[in-house]
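Okay, here's what each chain looks like letter by letter:
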Amino acid sequence: MRSITALFFLFCFLVPSALAQLRFGFYGRSCPRAESIVANVVANRFRRDRSITAAFLRMQFHDCFVRGCDASLLIDPRPGRPSEKSTGPNASVRGYEIIDEAKRQLEAACPRTVSCSDIVTLATRDSVALAGGPRFSVPTGRRDGLRSSPNDVNLPGPTIPVDASIRLFAAQGMTTNDMVTLIGGGHSVGVAHCSLFQDRLADPAMDRTLNARLRNTCRAPNDPSVFLDQRTPFIVDNAIYGEIRRQRGILRIDQNMGLHRSTSGIVSNFASSNTLFRQRFAQAMVKMGTIKVLTGRSGEIRRNCRVFNNGR
């Protein structure tokens, strides 16, 4: 209860403009089983595939950092009408079918009530807890966007300089601490294809043992993938920050956070305290989930998360 209360007051302080409509327990009367339905769908899939935590963290980040948390990423492209899904940065986003199943059950229980954007937020939150990360409450009441265009997608790549990443996060109302928390936390359960970290393999500062192991893996055909956190790849924890401090960050952005003057201290603090990381990760996730949300009568509540209600 203390953690929930603390997050509530943090939410009030950080995002007062969203507070008027987003709130904890938004579906308490209109769809009392909403959160439990999503949690059950996610738990059933997690028992078969623990990698869904990484998938949902990526999905929510890629959705919120384009037009805000409005589920615009979920819209399928159509002939002559591409969507955010059509772009290169979103080609590796997955887990849409889990959102579809949650939506199907929610529409059966409470038609036209629970937004797709809230489903993404709840599913991500639940998958983090299942992966050993912090348990936290998230405010709900988002509505779904009415636009999904590839022209809006401008997401950071794995070699983005730290200063540029700080500016990108700041443009979304996120701090440098939020950035280090979300990038490291997301990568704690993530994977990367070898083609995305060739620059690190050429870096003489990289841990030699890890470098040799990665080079061996990357000799295989079809651009194999590796865990970004070599210690606890299925647990949302602070282990990746310790790896970064030992020159074992696999992506350039991860390693550079451990070297840059604005972020190295944050990396060290998280490496030294999983408790601190868990607290900040929960706070940063709640905050990210409020980026440019649609509430009230804005947007819509989609019946099918892949299609706008008017069929466009």
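Residues numbered from 1 in each chain as written. Predicted model: local features only at pLDDT ≥ 70, side-chain atom pairs only at ≥ 80, totals over all residues. Heavy atoms only, no water.

Right, let's get into the pattern of salt bridges. As enumerated under the stated definition, the model contains 21 salt bridges in all. When the shortest N-O distance is used, the salt bridge between Asp152 and Arg67 registers 3.7 Å. Here Asp152 is found in the loop between helix 6 (116-130) and helix 7 (162-171), whereas its partner Arg67 is found in helix 4 (residues 52-67), with 85 residues between them in sequence. Accessibility expressed as a relative area gives 21% for Asp152, which makes it partly exposed. Among the salt bridges present, the one from Asp178 reaches Arg280, with a minimum N-O distance of 2.8 Å. Taken as a pair, Asp178 in helix 8 (residues 176-187) and Arg280 in helix 14 (residues 274-288) lie far apart in primary sequence, 102 residues in all. In terms of burial, Asp178 and Arg280 fall into one category: buried. Shared partners join several salt bridges into a network, and the residues in it are Asp76, Lys85, Asp100 and Arg306. (Salt bridge = Lys/Arg side-chain N within 4 Å of Asp/Glu carboxyl O. Helix = DSSP H or I, 4+ residues; strand = E, 2+ residues; numbered from the N terminus. Buried < 20%, exposed > 50% of the residue type's maximum accessible area, 1.4 Å probe, protein only.)

Next up on the list: the environment of Arg94. Tracing the backbone through its elements, the reader meets Arg94 in the loop between helix 4 and helix 5 (96-109). C-alpha of Arg94 to C-alpha of Arg58: the two residues are 36 residues apart in sequence and 8.5 Å apart in space. If near-sequence neighbours (up to four positions away) are discounted, Arg94 is found in contact with Asp49, Ser51, Ala55 and Met59. There is a polar contact of 2.7 Å between the side chain of Arg94 and the side chain of Ser51. (Contact = heavy atoms within 4.5 Å. Polar contact = N/O pair within 3.5 Å; in protein donor to acceptor, adjacent residues only side chain to side chain.)

This next bit is on the UniProt feature "binding site: Ca(2+) 2" (unreviewed entry) in the chain. The feature "binding site: Ca(2+) 2" (unreviewed entry), as given by UniProt, occupies Asp229, Thr232 and Asp237 in the numbering adopted here. The contact partners of Asp229, leaving out residues within four places of it in the chain, are His187, Ser188, Asp237, Ala239, Ile240 and Glu243. Here the side chain of Asp229 touches Arg231 through a polar contact of 2.9 Å, landing on its backbone nitrogen. Residue contacts for Asp237: discarding those within four places in its chain leaves Ser188, Asp229, Thr232, Asn274 and Phe277. Here the side chain of Asp237 touches Thr232 through a polar contact of 3.0 Å, side chain to side chain. (UniProt positions renumbered as here; feature names shortened; annotations may be inferred.)

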